[in-house]
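Coordinate inspection notes
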Amino acid sequence: MTHRLADLAAMVGADLVGDPDRLIDGVATLEAAGDRDLSFLTNPKYRERARSSGAGALLVPKDLSPDTLHGLRADLLLCEDAYRALADLMTALFPAAEVEPGVHETAYVDAAASVHAAARIDAFAVVGAGSTVAAGAVVGAHSVIGRGCRIGEGTVLHPHVVVYDGSRIGDRVIVHSGVVLGADGFGFAEGAAASQVKLPQVGVVVIEDDVEIGANSAVDRATFDTTRVGSGTKIDNLVQVGHNAEIGSGCILCGQAGVSGSSRIGDRVLLAGQAGVAGHFEIGDGVQVAAKSAVFQEVPPGQRVAGIPAMPIAAWRRRNALQSRLPAMRAAVRGLERRVQELEAAAHSEAAPRADRDTDTGDEK
Amino acid sequence: MTHRLADLAAMVGADLVGDPDRLIDGVATLEAAGDRDLSFLTNPKYRERARSSGAGALLVPKDLSPDTLHGLRADLLLCEDAYRALADLMTALFPAAEVEPGVHETAYVDAAASVHAAARIDAFAVVGAGSTVAAGAVVGAHSVIGRGCRIGEGTVLHPHVVVYDGSRIGDRVIVHSGVVLGADGFGFAEGAAASQVKLPQVGVVVIEDDVEIGANSAVDRATFDTTRVGSGTKIDNLVQVGHNAEIGSGCILCGQAGVSGSSRIGDRVLLAGQAGVAGHFEIGDGVQVAAKSAVFQEVPPGQRVAGIPAMPIAAWRRRNALQSRLPAMRAAVRGLERRVQELEAAAHSEAAPRADRDTDTGDEK
Amino acid sequence: MTHRLADLAAMVGADLVGDPDRLIDGVATLEAAGDRDLSFLTNPKYRERARSSGAGALLVPKDLSPDTLHGLRADLLLCEDAYRALADLMTALFPAAEVEPGVHETAYVDAAASVHAAARIDAFAVVGAGSTVAAGAVVGAHSVIGRGCRIGEGTVLHPHVVVYDGSRIGDRVIVHSGVVLGADGFGFAEGAAASQVKLPQVGVVVIEDDVEIGANSAVDRATFDTTRVGSGTKIDNLVQVGHNAEIGSGCILCGQAGVSGSSRIGDRVLLAGQAGVAGHFEIGDGVQVAAKSAVFQEVPPGQRVAGIPAMPIAAWRRRNALQSRLPAMRAAVRGLERRVQELEAAAHSEAAPRADRDTDTGDEK
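Structure report, in brief. Position numbers for residues count from 1 along each chain, tracking the sequence in the order it is written. Key to labels: chains lettered from A, ligands numbered from 1, both in the order written. With pLDDT at 70 or above as the cut-off, local features in this predicted model cover only qualifying residues; side-chain atom pairs require 80 or more to be listed or tallied, and sums for whole chains, interfaces and linings still use all residues. Side-chain measures here rest on the full set of heavy atoms in the structure, leaving out hydrogens and waters.

Remarks on the interface of chain C and chain B
The contact criterion used throughout is that any non-hydrogen atoms of two residues lie within 4.5 Å. If you look at the interface, chain C gives 71 residues, while chain B gives 65 residues. When two parts are put together, the accessible area they lose, computed with a 1.4 Å probe and summed over both, is reported as buried area. For the chain C and chain B pair, buried surface summed over both sides reaches about 5,400 Å², with 64% attributable to carbon and sulfur atoms. Within this document, salt bridges are pairs made up of a side-chain nitrogen of Lys or Arg and a carboxyl oxygen of Asp or Glu, the two lying within 4 Å of each other. At the surface where chain C touches chain B, the tally comes to 2 salt bridges. Residue C:Glu344 is joined to B:Arg339 by a salt bridge in which the shortest nitrogen-to-oxygen separation is 2.8 Å. The term polar contact refers here to a pair of N or O atoms within 3.5 Å; inside protein, the definition further demands a hydrogen-donor-capable atom paired with an acceptor-capable atom, and it admits residues adjacent in sequence only when both atoms are side-chain atoms. At the junction of chain C and chain B, the tally comes to 21 residue pairs in polar contact (both at pLDDT 80 or more). For the side of chain C that touches chain B, the secondary structure elements donating two or more residues are α4 (82-93), β28 (234-235), β31 (252-253), α5 (313-324) and α6 (326-350) of chain C. To qualify as a helix, a DSSP run of H or I must reach at least 4 residues; to qualify as a strand, a run of E must reach at least 2; elements of each kind are numbered from the N terminus. Broken down by element, the side of chain C that touches chain B gets its largest block of residues, 12 residues, from α6(C). Looking at the side of chain C that touches chain B residue by residue, the classes come out as 31 nonpolar, 22 polar and 18 charged. Charged means Asp, Glu, Lys or Arg here, nonpolar means Ala, Val, Leu, Ile, Met, Phe, Trp, Tyr, Cys or Pro, and polar covers whatever is left, Gly included.

What follows is the structure, given as structure tokens:
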């Protein structure tokens, strides 16, 4: 959608330096942008790219130095929070397509399901008995909703989403392709002859409002009661959330992160990529877990942790730094042993004979 | 399904303390349970929650201390193995729904496929030529069975399972949504100009009886011969099993674990969450691999390993403990250097002059 | 397909030792091979298995020692590059099935889509408006192609692939089941009250020619511009590629590897299993990242790295070796403290009294 630059500036409260009547209808990187595109410069290290960019306009933070801005040919939008402004401008430039309501001729909706007239059910989708799909919701092609589910207002299930029986999805939720919600939790009891006896998984999954879940992620149903993903939480691709986990509001779970069964995760927690959290303890509000880390115990609110096992990030950095000094430390120990031996020999030559001492440097261990 | 408490006690050989005629029709956590629910207390640290629980009855291990049991208001079922009893009681309270046989009107079954009259094929499912689906099996909505496959008796494929040509699935297997069985193994030979030449993957996948496979996991077909998952093995979500892997019976592969091609894994092996096993060597029976660990070499039967690379868990714990002592060790080395220098200076002042010694503390390295 | 051994030898330029008229129609492991099967021996440690193998013919490298070849009963094909020869012979013995063109009666092709007469669209597949499917391409059962996509010549989408709007897939690409191409990147800006504001993801995904992508992997669309997977790159199962990543040609991404948004990966890069690469920096051509490693910074071309954080592999090995020597090093430090204390005591007894020294061994820290 095309906008005047002055209108875009007004939308996000930016100061405009340049032509208010310039027409903008796209957003692109500095390299790819043309004169009807908006681009952005937030990091001084990309200054040269910005100078040679063909972008019609650039979004820049107000606190960028004059030196960085020097020599830019594009019109400028100066903002307090460039990323937030970018999100808002992109939403204006690329408005979500209107949902065309209706049930596709090839979809299969059970007679005992209830689909709002303002919802859309795409090709080959299945909606089971007792399930409700609210106004403005989209059930993508091939998505399968089991029995007794609730799909909230304005929620979008992309193609190939599976929602098991009894799951409850809130409003304005976005679920990407390949996501599985409500599959059985991984719960077994030891049976005879070391065999595993399945615990029936009779709980449900609740996804609260404004959650987004990335492609091929899975959130298991609870053994009993509820596995819950709190409102506004954003989950990336290929993330695993185990049975009975409780994830708070406003969390960010990056790609391939894993949350074990019965974990309790507070609000605004960040799990970076490939991080893992073991079950049965509490991760406090605002905790940040570094990429590839593994949390094996409670973490108090606000703490940043890293490592396997995860520890406060300062301790992890210290440990890493010390490890890179190990070769020097070992050399120092060897040097000391030589010197002590010499001191002993000197003392020995002055005194009575004594037994040999252990001079192990650890090399043969 | 509703049961008298006395009947439930009899099913699992529990001692009943309380009202034999109490009716129970659910299972819930201590917090959520009502007076027709069964809950359980196995860990003394949840004693207070148990005391304030509204549960009608509690399952408790016989060896729980009288102190822990004191003050509980609920009726009690005292068992030898509370988890096993829970599994059995849940199976009684929540019996699996009867399979309604039949082929859904929207399903596509090839004329050369054979579906037992007592099997069910759900909406939009596809069954390819030469495949057989045995009695009591369920092929969920949208699941796709290739050509020449076998789906055993009582096996359940949830919606959106893909079974490539020639795969053989045993009896009473449960496969969750998004699972892919029999995709090509990841095998290439180096071609001209560093390009990769695909090795045709002409082997198969065999899933033995009583296996369960979690959402979005993948088991690749063999390059030739067979990739095998042994009977009774349970696989969690998002697990990868490479081509030609051989996994024994009664194993547990937790979420996001990975097994490389040509790995050989014994019986009753546990891979905890996000663990990985490299290929072409043997993991003995009963081995336990800790979460987030990476096994790069053979592990003898019964060993517990942890770390990257994985080592016996005692060694890994020792290594971790020593690492947390590195700052103190470094301080000790520095202290020693000072003291030795003083000793040397004292000796020097008594003797002939000598060259300076290395006093490297490792800090500049 | 059956071939004379002499013809197979000629195909790959192998020297034949044995019966040129032997008929071969399969490939199998040493254990499973029969007299019409080809097997192979490349590693001397499997010599005994080769001697007792029932294989009709064995593929062996020309440089295998006479000692290793001694006692083999099978006919031999001696090759320069046995793996490459195996790939070529398997392609001859197991030719890909001819694509039977046509649109399955149950598929749904939008009136504004363009499917080549020599392409195949399988059961329940969906092809959206404005998309083109080229000659020889296969869209597997249940696969969903969005709007405005391009599927190149001879490209195979196995069942249950999802391609979001606007994605461009090259020629001879193979995409396995459960793969999701072009889902929204994981991009949010901080909004009011610590909430997340979604950045519309308006870029695309480009998969170049001859790429293969394994089951349940995901490649996100770009925020703007392009997420690109270069020609000939092979991606295993459950791999995550974030928005705006640029992956070069001829790379190998093994199972469960993860590439963050905006990563730039050169040509012929290897990411071993469960490795991760953080975003916004460059991995040079020919870099090899060990299994389970995490790359947090730029890596120059040709380097092999390992560890969390990843470092040159020699440094990682040294660090590991030193860690296993930590117990001995600690013992050495304790020994030194004892000895220095004795030296000090001796000096002390000869001189004036002095204050006690720190004798911390680090144990209480």
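A few points about empty space enclosed by the protein
Cavity means a closed set of points on a 1 Å grid over the protein atoms alone, one where a 1.4 Å probe fits but cannot get out, pocket means an open set with protein on both sides within 12 Å along at least 5 of 7 lines, and lining means a residue has an atom within 4 Å of a point. Grid points are joined across faces, edges and corners, and a volume is the space filled by probe spheres set on the points. In this structure the tally under the stated criterion is 7 cavities of 30 Å³ or more. The space that makes up the largest cavity amounts to roughly 180 Å³. If you go around the largest cavity, the residues you meet are A:Leu238, A:Gln256, A:Gln274, A:Lys292, B:Leu238, B:Gln256, B:Gln274, B:Lys292, C:Leu238, C:Gln256, C:Gln274 and C:Lys292. When its residues are assigned to classes, the lining of the largest cavity shows 3 nonpolar, 6 polar and 3 charged. Size it by volume and the second largest cavity reaches roughly 110 Å³. Along the walls of the second largest cavity sit 16 residues, with A:His160, A:Gly178, B:His160, B:Gly178 and C:Gly178 positioned nearest its centre.

Side note on the side chain of C:Gln201
Residues and elements named next belong to chain C. Along the chain, Gln201 turns up in the loop between β23 (196-198) and β24 (204-207). Among the polar contacts listed, one links the side chain of Gln201 to the backbone oxygen of Leu199, at a separation of 2.7 Å. For Gln201, the side chain forms a polar contact with the side chain of Thr223, separated by 3.0 Å. In contact with Gln201, other than residues within four places in its own chain, are Asp184, Gly185, Gly187, Arg221, Ala222, Thr223 and His243.

What to know about the relation of the copies chain C and chain B
Least-squares superposition of the copies uses the C-alpha atoms of those residues scoring a pLDDT of at least 70 in each of them. Mapping chain C onto chain B is achieved by rotating through 120 degrees and translating by 0.1 Å along the same axis, at an RMSD of 0.1 Å. Overall, the copies show the geometry of a three-fold rotation axis.

Observations regarding the interface of chain A and chain B
Contact with chain A, which involves 65 residues of that partner, is made by 72 residues of chain B. Roughly 5,400 Å² of surface becomes buried between chain A and chain B when both sides are summed, with 64% attributable to carbon and sulfur atoms. Among the residues of chain A in contact with chain B, A:Phe186, A:Phe224 and A:Arg339 are the three that bury the most area, contributing 14% of the side total. The tally of links between chain A and chain B comes to 2 salt bridges. One can count 21 residue pairs in polar contact (both at pLDDT 80 or more) joining chain A with chain B. When contributions to the side of chain A that touches chain B are tallied by element, the ones reaching two or more residues are β21 (180-183), β22 (188-190), β23 (196-198), β26 (218-220), α5 (313-324) and α6 (326-350) of chain A. Counting residues per element, the side of chain A that touches chain B draws most heavily on α6(A), at 11 residues. Residues of the side of chain A that touches chain B, tallied by class, amount to 38 nonpolar, 16 polar and 11 charged.

Considering the sheet that holds strand β40 (residues 311-312) of chain B
Note: strands within a sheet are paired through backbone hydrogen bonds, in either parallel or antiparallel orientation. Pairs of strands are assigned from DSSP output, requiring at least two bridges between the strands. Here 12 strands make up an open sheet; going across it, the order is β8-β11-β14-β17-β20-β25-β28-β31-β34-β37-β39-β40 (chain B) and the pairing mixed. The strands lining the two open edges of the sheet, one partner per strand, are β8 (102-103) and β40 of chain B.

What to know about the packing of aromatic side chains
Stacked, tilted and edge-to-face are the three classes assigned to paired rings of Phe, Tyr and Trp, where Trp is represented by its six-membered ring and a pair needs centres within 6.5 Å; plane angles under 30 degrees give stacked, over 60 edge-to-face, the rest tilted. Taken as a whole, this structure holds 9 aromatic pairs over all chains when the rule is applied. Aromatic pair A:Phe40 and C:Phe224: ring centres 5.8 Å apart, planes at 65 degrees, arrangement edge-to-face. Of this pair, A:Phe40 sits in strand β5 (residues 37-40) while C:Phe224 sits in the loop between β26 (218-220) and β27 (226-229), placing the two residues on different chains. Here the term buried applies to any residue with accessible area under 20% of the maximum for its type, exposed to any over 50%, and partly exposed to those in between, with areas from a 1.4 Å probe on protein chains only. Residue classification places C:Phe224 among the buried residues on the basis of a relative accessible area of 6%. When the ring of A:Phe124 is compared with that of B:Phe124, the centres are 5.4 Å apart and the planes differ by 80 degrees; the resulting orientation is edge-to-face. Of this pair, A:Phe124 sits in the loop between β11 (120-121) and β12 (126-127) while B:Phe124 sits in the loop between β11 (120-121) and β12 (126-127), each in a different chain. Each residue in the set A:Phe124, B:Phe124 and C:Phe124 is aromatic and connected to the rest through ring pairs, giving one cluster.

Observations concerning helix α1 (residues 5-12) of chain A
Residue and element names in this part refer to chain A. Turning to α1, its buried residues are Leu5, Leu8, Ala9 and Val12. Considered in projection along α1, the buried side chains sweep an arc of 100 degrees and stay on one side of the axis. Each element contacted by the buried residues of α1 is listed here: β1 (3-4), β2 (15-17), β3 (23-24), β6 (57-61), β7 (75-79) and α4 (82-93). One or two positions beyond α1, positive phi appears at Gly13, with a value near 60 degrees. By construction, the arc corresponds to the directions joining the helix axis to the C-beta atoms.

Considerations on the environment of C:Val60
All names here are of chain C. For Val60, the location among the structural elements is in strand β6 (residues 57-61). Residues Val60 and Ala82, spaced 22 residues apart in sequence, show a C-alpha to C-alpha distance of 6.1 Å. Discounting residues that sit within four places of it in the chain, Val60 has contacts with Leu41, Leu69, Leu77, Leu78 and Cys79.

Considerations on the packing of helix α1 (residues 5-12) of chain B against helix α4 (residues 82-93) of chain B
Residue and element names in this part refer to chain B. As a rule, the C-alpha atoms of each element are fitted with a line to give its axis, helices using only the stretch in contact, and angles between N-to-C directions run from 0 to 180 degrees. For the pair α1 and α4, interaxial distance at closest approach is 10 Å and the crossing angle is 130 degrees. Here α1 lies oblique to α4, going by the angle between them. Between α1 and α4 lies a crossing whose hand is right-handed. From α1, Leu8, Met11 and Val12 reach across to α4, where they touch Ala85, Asp88, Leu89 and Ala92. Residue composition of the contact of α1 with α4, grouped by class: 6 nonpolar, no polar and 1 charged. Convention used here: angles under 35 degrees read as roughly parallel, angles over 145 as roughly antiparallel, angles from 65 to 115 as roughly perpendicular, and any remaining angle as oblique. The hand of a helix crossing depends on one turn: near helix anticlockwise from the far one by less than a right angle means left-handed, and clockwise means right-handed.

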